[in-house]
Amino acid sequence: MCGIVGYVGSKEVVPVILEGLRRLEYRGYDSAGIAVGTEGQATLSVRRAPGKLRNIEQVLRDHPLHGTYGIGHTRWATHGRPTEENAHPHRDCTGRIVVVHNGIVENYLELKRELTAQGHVFVTETDTEIIAHLIEQIQKESSLQKESSAHSETAGAPSFDRSVGQGWVPTIPLEAAVRQAVKRLTGAFALGVLSSLEPDKIIAARFGPPVVLGIGEGEYFVASDVPGILHHTRNIVFLNDGEMAILTLGGVQITDFEGKSLPVKPQRILWDPIQAEKGGYKHFMLKEIWEQPRAIRDTTLGRISLDSGQVFLAEMGLKPEDLAQATSINIAACGTSWHAALAGKYIIERLARLPVEVDYASEYRYRGPIADPNALGLLITQSGETADTLAAQREMIALGSKTVAICNVVGAMITRDASGTIYTHAGPEIGVASTKAFTSQITALFLFALHLAQVRGQLTTAESMALVEELSRIPTKIEEMLKRISAQCEELARSFSHARDFLYLGRGIHFPIALEGALKLKEISYIHAEGYPAGEMKHGPNALIDETLPVVVLATQDHTDSGSRLRYEKTLSNVQEVTARSGRVIAIAVEGQEDIAQLVEHVISIPKAPELLLPLLEIVPLQLLAYHIAVRRGCDVDQPRNLAKSVTVE
Ligand code: M6R
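Enquirer: How do you make sense of helix α3 (residues 108-117) when you look at a structure like this?
Expert: Each α-helix winds once per 3.6 residues, and so residues spaced three or four apart point in a common direction. Tyr108, Leu111 and Leu115 are the residues of α3 that are buried. Along the axis of α3, the buried positions cluster into a sector of 65°, meaning they face one direction only. Opposite its buried face, α3 presents the exposed residues Arg113 and Ala117, each directed more than 90 degrees away.

Following this line, the structure appears as structure tokens:
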């Protein structure tokens, strides 16, 4: 939700910032802007444009900017419409200070009233603008205080130059003013601040949303996420909450909000910047669908033993007795991660025989959860930044629970307060519609369930070995399936892309997959879609069925599992109820399942697997179907309207 890129060095700054913003555009694309410092100019030059990055690129072609330091922003609108005026960077009254911001200033109305009374004039509807004015006010007050004390000491000889800007010049450096300003803000912020009075300097501050710094050779970068600067340097510093960075040509300094110096500890990022490129695919989403075998493999790597069936998850930071004494698991997550959580409930309850509750993170604290220090909290989040999920984590901790995160971004917020983190190694996911993060999360949940079951003595060695082996076969099965079904999904998209509504049905662990299939379709194709438990159709939704309604049914089964066979038979009855009412069924079935083929119009067949691992396979055709339908409808697959990749507001 909003991307920031800043640079101080000797290169032309505009291409550096635009390139970085392009890589961060997944974070928001309602508007974009850039501020550049040019030597000898009293103010910073700002260009802004509503809409996607290509609009600001056009503005910059028409009205170029030159300089060697600056800051850029790509916005996901929270306060104020996505207009040019509301695009970042925002300025103070003098035009000397510019601010870019990711997050929400919760007390902005109160501050706005105060600053307006002090004579500040606001020209935007945003919360961010108050930050620029607040910094201005702090600098102005410090200057006037110095003036009055200088007057009283040496009458008539002020110690500042009245000829600059609005008749005063700051007597405290920008970082000191920012430090005072951030203490007055409530809410969440990642900030980048520049002042034309202090060239070649960027101040960055973090309280909530992420800030990373890049350490180059005589050049320094700041960004909201690693891909924004990885093309320039692999030496990355992850700023912590409550920290500020001062970037100048001389290097980077880090302090806390009290001004105490902190060590600068760069980490070497090993992943290839190419991972964040489309690599020949038309869209990131398609590339990420095809990356799933690799992502699942990497998520299991080093965590399983095929010889003993054991699963190693020391990174959870929990003692075996914490797991052994756990009375239940509470999972909170949002969106696609919530669907993974729901699938996780089936896996954990089945393997570890421990009750699992799954909450929408955005609802968790409003249902008044009951404190149980032996209940283990599990937070699932690709980005690790989702505000609702962070709030649920705080609530769980306040209720006395230990929390574990399942997260894809190293060092993300959610990992800070967790006892430990099971990282999914999906690599950067750029498409707003989550694909490889989802299958990696289910993989991590499967590992978690196996580990828990082993610690709690719920699985024999033979059972563990069989399950671990089946898991290790999944990536190859997906590879093979992708090659086989891609053209078929594209073809089906041709027949169904004009549908107005879609239904997705599943039973048991396949119900969350139905939900996820429906979410994929609606978020990228804008077709109304609903996921439903297959057995619930007769309790109402059957009324929707007619010859125009495509119904996607997860009709897979594991022949070796009696529960799975029973579920399949019941689902088959539900399919018949749909076809009897002329509904158009697309069934997802395992290879060789002939009975379903005789019943329905279309079957997409997937490889055989144990019941609890089938979700990893059956979601893939649903992702492809949604993708091809969206492409046929001319939708912006990677950046669907009104959405952003990480949602840092509640
Ligand atoms: O980063 P998170 O996993 O916490 O994000 C949660 C949701 O916002 C996210 O899964 C969203 O639903 C996806 N973009 C859907 O594809």
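So that's the structure; there's more coming.
Enquirer: So what exactly am I meant to see when it comes to the domain arrangement of the protein chain here?
Expert: It is common to report an interface's size as the accessible area lost on association of the parts. Taken domain by domain, the protein chain comprises domain 1 (3-151 + 164-276) and domain 2 (285-632). Computed from C-alpha coordinates alone, the two centres of domain 1 and domain 2 are separated by 39 Å. Contact with domain 1, which involves 14 residues of that partner, is made by ten residues of domain 2. For the pair domain 1 and domain 2, the two sides together bury roughly 1,100 Å², of which 53% comes from carbon and sulfur. For the pair domain 1 and domain 2, the number of links is one salt bridge.

Enquirer: Just checking my understanding: could you explain the sheet that holds strand β20 (residues 420-423) for this structure?
Expert: The strands making up a sheet associate through hydrogen bonds between their backbones, and the pairing can be parallel or antiparallel. Strands sit in the order β17-β16-β18-β19-β20 across an open sheet of five strands; the sheet is parallel. Every interior strand has two partners, whereas the edge strands, β17 (356-360) and β20, have only one. The average undirected angle you get between the axes of adjacent strands in this sheet is 20°. Judged from the six bridges that link them, strand β16 (residues 328-333) and strand β18 (residues 375-381) form a sheet pairing that is parallel. Considered in β18, the bridge of isoleucine 329 is made with leucine 376. Helix-sheet contacts for helix α11 (residues 387-398) involve β16, β18 and β19 (403-407), and the interaxial angle to β18 is about 170°.

Enquirer: How should the sheet that holds strand β24 (residues 584-590) be read in this particular structure?
Expert: Here five strands make up an open sheet; going across it, the order is β22-β21-β23-β24-β25 and the pairing parallel. Each having just a single partner strand, β22 (528-533) and β25 (602-606) make up the two edges of the open sheet. Neighbour to neighbour, the strand axes of the sheet diverge by 20° on average, direction disregarded. Where strand β21 (residues 501-506) meets β22, six bridges bridge the pair, whose relative direction is parallel. Within β22, the residue paired with glycine 506 across the bridge is proline 533.

Enquirer: For this particular structure, what's the right way to read the environment of aspartate 298?
Expert: Locating aspartate 298 in the fold gives a position in helix α7 (residues 292-300). A relative accessible area of 27% places aspartate 298 in the partly exposed class.

Enquirer: How do you make sense of the site of the ligand when you look at a structure like this?
Expert: Taken together, 14 residues form the shell around the ligand, and within it Ser337, Gln382, Ser383, Thr386 and Glu523 come nearest. Take threonine 386: an N or O atom from its side chain is 2.4 Å from an oxygen atom of the ligand. At 2.8 Å from an oxygen atom of the ligand is found a main-chain nitrogen or oxygen belonging to serine 434. Burial of the ligand by the protein chains amounts to 91% of its free accessible area of 410 Å². Here the shell around the ligand is built from residues that sort into four nonpolar, eight polar and two charged.

Enquirer: I would appreciate a short explanation of the environment of alanine 514 in the present structure.
Expert: For alanine 514, the location among the structural elements is in helix α15 (residues 511-525). The spatial distance from the C-alpha of alanine 514 to the C-alpha of alanine 534 is 9.3 Å, given a sequence separation of 20 residues.

Enquirer: It is not clear to me how the pattern of salt bridges should be interpreted in this structure. Could you clarify?
Expert: Taken as a whole and judged by the stated rule, the model has 33 salt bridges. Note that glutamate 114 is salt-bridged to arginine 184, the shortest N-O span being 2.8 Å. Residue glutamate 114 is found in helix α3, and its partner arginine 184 is found in helix α5 (residues 174-184); the two are separated by 70 residues along the sequence. A relative accessible area of 28% means that glutamate 114 is categorised as partly exposed. Using a relative accessible area of 35% as the deciding quantity, one classes arginine 184 as partly exposed. For glutamate 315, the salt bridge identified is with arginine 303, shortest N-O distance 2.8 Å. Of the two residues, glutamate 315 sits in the loop between α7 and α8 (320-325) while arginine 303 sits in the loop between α7 and α8, which places them twelve residues apart along the sequence. Residue glutamate 315 is classed as partly exposed on the basis of its relative accessible area of 32%. In this structure, a network of salt bridges that share partners links the residues Glu469, Glu470, Arg473 and Lys477.

Thresholds, definitions, all that
- Residues numbered from 1 in each chain as written.
- Predicted model: local features only at pLDDT ≥ 70, side-chain atom pairs only at ≥ 80, totals over all residues.
- Heavy atoms only, no water.
- Buried < 20%, exposed > 50% of the residue type's maximum accessible area, 1.4 Å probe, protein only.
- Helix = DSSP H or I, 4+ residues; strand = E, 2+ residues; numbered from the N terminus.
- Arc of directions from axis to C-beta.
- Domains from an automatic or database assignment.
- Contact = heavy atoms within 4.5 Å.
- Buried area = accessible area lost by both parts, 1.4 Å probe.
- Salt bridge = Lys/Arg side-chain N within 4 Å of Asp/Glu carboxyl O.
- Pairing = 2+ DSSP bridges.
- Axes fitted to C-alpha atoms, helices over the stretch in contact; angles between N-to-C directions.
- Near = heavy atom within 4 Å.
- Polar contact = N/O pair within 3.5 Å; in protein donor to acceptor, adjacent residues only side chain to side chain.
- Areas by Shrake-Rupley, 256 points an atom, 1.4 Å probe, with all protein chains shown as cover.
- Nonpolar A, V, L, I, M, F, W, Y, C, P; charged D, E, K, R; others polar.

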